[in-house]
Amino acid sequence: MDLIDDLAARGLIHDSTDRALLRARMADRPIGVYVGFDPTADSLHVGNLLGQVTLRRFQLAGHQVFPLAGGATGMIGDPGGRSAERNLLDRETLRHNVSCIKRQLASLLEFDGPNPATLVDNADWTASVSVLDFLRDVGKHVTINQMLAKESIRTRVESEHGISYTEFSYMLLQANDFRHLHQHHGVELQLGGSDQWGNIVAGIDLIRRVLAAPAYGLTWPLVTKSDGTKFGKSVGGAVWLDATKTSPYQFHQFWMQTDHADVVRYLLQFSLRPVAEIEAIAAEHRATPERRLGQRVIADDVTAMLHGREATEAARTAAALLFGGDPTVAPERVLATLVGEIPSTTVASPALDDLVALVVRTGLASSNGDARRAIEQRGLYVNGRAVGPGDPVGLLHGRFVLLRRGKKNHHLVVLG
């Protein structure tokens, strides 16, 4: 199965230029391909992840990949998918965001070795171009009719708020990115979500007009949940790729909570496993959905891809610990993973001598009397075991105590 057929089997082709021509071009020799990521925040989120994973597929297939950090287009903002004008970011914020995103792009793609990725920033070739030069060299080749034919533009033009010339020009900037990358890096293929198709076609047309050369485009469907709601949100908001904003444990749990109706589709789209292997996993998942095999595989695969195997193992073990595992055999790094993920309190060693006061301090009991009743009724668990009056409080790895009241109320005590 060639890469185009593999993408089609995964449901990752929504629009494309002539597929037969693109397949023939890719079979002839490696093709240069790019995906753009605008720095609207200091971290990408899971809604941006499919672009990185798809670039990784092309890189593994031997093609040359060019992730693009939009230091220039980020100053404008893509009008697609929005009903009102973006708030413009100042230059310092954009510079900070771009530097953060560059580090994240490097976590999923290989920038060393025999087929390294090339990271580019469109501010490098756009910032110094004058308005007159841009209008003459780019604007001259794109008609207003072509721009208005783009649904996202037309919708904004007809909306109550309208659209500024600033955002209206976004298509020209992105088209010029494709032209520049084609001319200076030999990039012939642009990838993106289906909402980018109009921008991609504009770039292909600009390359044809200015360079008299062929170029190709391919988009994947926008990722949604089966109920139609937006993909990439959790109870706490956006799921970020930056580990300091969404921890590996939280990231792993986001994928673990995938609905049964979505899990096979997400496996095909986000996992690098072969399609045949995913189909076998899907069959086993459908036969015994209560085992949540599909969720475990996608959570492990995507977390490892982004944060590494060690962080994934810690996240998985930490979850197992909270849902019935034995804390006494948990590695120290797993308990350390729970700090910040569940309620935690740092105490001095004398505080461990009074379990009643400790339970009240952590909020697992409302009063000393409530704490005593919980202990007398063996409703309080210390390091996985129910305790009674007078039972000692032991330390795990010399500094942790895991308290639990009921099935789900956990609290981690850390000796400081």
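To start, this report covers the structure provided alongside it. It should be emphasised that the depicted structure is a prediction, and the values quoted were computed from it without experimental measurement. (Residues numbered from 1 in each chain as written. Predicted model: local features only at pLDDT ≥ 70, side-chain atom pairs only at ≥ 80, totals over all residues. Heavy atoms only, no water.)

It is worth spelling out the overall build of the protein at this point. Along the backbone of the protein there are 19 helices and 13 strands. Across its three principal directions, the C-alpha atoms of the protein cover 85 × 45 × 40 Å. A fraction of 70% describes how many contacts in the protein between residues 6 or more apart in sequence connect residues 24 or more apart. Summed over all atoms, the accessible surface of the protein reaches about 19400 Å², with 52% contributed by carbon and sulfur. (Helix = DSSP H or I, 4+ residues; strand = E, 2+ residues; numbered from the N terminus. Contact = heavy atoms within 4.5 Å. Areas by Shrake-Rupley, 256 points an atom, 1.4 Å probe, with all protein chains shown as cover.)

To continue, consider helix H10 (residues 170-185). Between its first and last C-alpha, H10 extends 22 Å over 16 residues, near the 22 Å set by a 1.5 Å rise per residue. Here H10 lies mainly inside the structure; 13 of its 16 residues are buried. Gly 186 sits one or two residues past H10 and shows a positive phi near 70 degrees. (Expected span 1.5 Å × (residues − 1). Buried < 20%, exposed > 50% of the residue type's maximum accessible area, 1.4 Å probe, protein only.)

This part covers the environment of Asn 176. On the secondary structure map, Asn 176 appears in helix H10. Considered as a pair, Asn 176 and Ile 204 are 28 residues apart in the sequence and their alpha carbons are 9.7 Å apart. If near-sequence neighbours (up to four positions away) are discounted, Asn 176 is found in contact with Trp 125, Phe 134, Val 138 and Leu 206. A distance of 2.9 Å separates the side chain of Asn 176 from the side chain of Arg 179, its partner in a polar contact. (Polar contact = N/O pair within 3.5 Å; in protein donor to acceptor, adjacent residues only side chain to side chain.)

Let us look at helix H4 (residues 91-108). Spanning 18 residues, H4 covers 27 Å between terminal C-alpha atoms, matching the ideal 26 Å at 1.5 Å per step. Restricting attention to buried positions, one finds in H4 the residues Leu 94, Asn 97, Val 98, Cys 100, Ile 101, Gln 104, Leu 105 and Leu 108. Turning to H4, the residues buried within the fold contact strand S2 (32-37), helix H3 (49-60), strand S3 (64-69), strand S4 (120-121) and helix H15 (293-307).

Structurally, the position occupied by Ser 349 is in the loop between strand S9 (344-347) and helix H18 (355-362). In this structure, the C-alpha to C-alpha distance between Ser 349 and Gln 196, residues 153 residues apart in sequence, is 58 Å.

Let us look at the sheet that holds S3. One open sheet holds the 6 strands; their spatial order is S1-S6-S5-S2-S3-S4, and the pairing between them is mixed. In this open sheet, the two strands that pair with only one neighbour each are strand S1 (15-16) and S4. Here S3 runs beside S4; their pairing, made up of 2 bridges, is parallel. Looking at S4, one finds that Ala 69 is bridged to Asp 121. (Pairing = 2+ DSSP bridges.)

As a further point, take the layout of surface pockets. Approximately 660 Å³ is the volume attributed to the second largest pocket. Taken together, 22 residues line the second largest pocket, and the ones lying closest to its centre are Ala 72, Met 75, Ile 76, Thr 126 and Ala 127. Elements represented by at least two residues in the lining of the second largest pocket include exactly H4, helix H5 (123-126), helix H6 (131-137), helix H9 (165-168) and H10. If one sorts the elements of the lining of the second largest pocket by residue count, H4 sits on top with 4 residues. (1 Å grid on protein atoms, 1.4 Å probe; cavity = no way out; pocket = protein on both sides within 12 Å on 5 of 7 lines; lining within 4 Å. Points joined across faces, edges and corners; volume = space filled by probe spheres on them.)

Now for the pattern of salt bridges. One pass over the structure, following the stated rule, counts 23 salt bridges. As a salt-bridge pair, Arg 23 and Asp 2 come within 2.7 Å of each other at their nearest N and O atoms. Highlighted residues: Arg 23 in helix H2 (residues 19-28) and Asp 2 in the segment before helix H1 (3-9), separated in sequence by 21 residues. The residue Arg 56 makes a salt bridge to Glu 110 at a minimum N-O spacing of 3.9 Å. Placement of the pair is Arg 56 in helix H3 and Glu 110 in the loop between H4 and S4, with a sequence separation of 54 residues. (Salt bridge = Lys/Arg side-chain N within 4 Å of Asp/Glu carboxyl O.)

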